[in-house]
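So the chains spell out like this:
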Amino acid sequence: MSGLQKEMPGSAVQVRSSWQKYFMDIASLVAQRSTCLRRKVGAVAVLDRRILATGYNGAPSGSRHCLEAGCLRSTLGIPSGQRHEICRGVHAEQNVIIQAAVNGVSLRGAELFCTTFPCFICTKMLINCGIRRIWVEESYPDSFSEEMLREAEVETMFFDREKDKVISCQGAC
């Protein structure tokens, strides 16, 4: 196990989660706010073990949520990873960047913990705002993202939250 273990007097062994599991758990909790009908995604930007911003996927503030308006992509039978431009939702990673910008917080040098691998649009934005490492729990059908992250030398860590360990790494890990 990756977490710390310590025997407490008069009790069972206490297990402490790794920082990676802690932040990935928070990203999973953030995803519960999502209003997307297809996939709930949460993201957390972290620098020096401090949370800078969070985001989940959903319609812009003041707009009807997908729960109310429905999903045009589902209605049209558009597969996951395609035609992002006709989705009313803002991606979790985009909302992290927007929240940081609105609050005057730089993401340069930060890590992103995200429940799902970023799409190509989000990947370009994350590279440009200076994210240095991305932790993800599940993949996403967008090979352009993987190629772009490798080219930009952004490390991508696939993380098994239940086992609290890195499954694989892409980049200069």
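Values in this document were obtained by computation on a predicted structure and should not be read as measured data.

Enquirer: So, the environment of Met157: which residues are in play, and what are the values?
Expert: For Met157, the position within the fold is in strand E7 (residues 155–160). When the C-alpha atoms of Met157 and Ala100 are compared, they prove to be 22 Å apart, with 57 residues separating the residues in sequence.

Enquirer: Just give me the short version of the pattern of salt bridges, but keep the residues and values in it.
Expert: Pairing is possible between side chains of opposite charge, provided their charged atoms come close. Following the criterion strictly, the structure yields 7 salt bridges and no others. Here Glu138 ties to Arg39 by a salt bridge, and the two come within 2.9 Å at their closest N and O atoms. Of the two residues, Glu138 is situated in strand E6 (residues 133–138) and Arg39 in the loop between helix H1 (19–31) and strand E3 (42–47); the sequence distance between them amounts to 99 residues. Residue Arg39 is classed as partly exposed on the basis of its relative accessible area, which comes to 24%. One salt bridge in this structure joins Glu111 and Arg132, with 3.3 Å as the shortest N-O distance. Of this pair, Glu111 sits in strand E5 (residues 111–116) while Arg132 sits in the loop between helix H5 (120–128) and E6, and the two are 21 residues apart along the sequence.

Rules used throughout
Residues numbered from 1 in each chain as written. Predicted model: local features only at pLDDT ≥ 70, side-chain atom pairs only at ≥ 80, totals over all residues. Heavy atoms only, no water. Helix = DSSP H or I, 4+ residues; strand = E, 2+ residues; numbered from the N terminus. Salt bridge = Lys/Arg side-chain N within 4 Å of Asp/Glu carboxyl O. Buried < 20%, exposed > 50% of the residue type's maximum accessible area, 1.4 Å probe, protein only.

No statement about biological role is implied by the geometric values presented.
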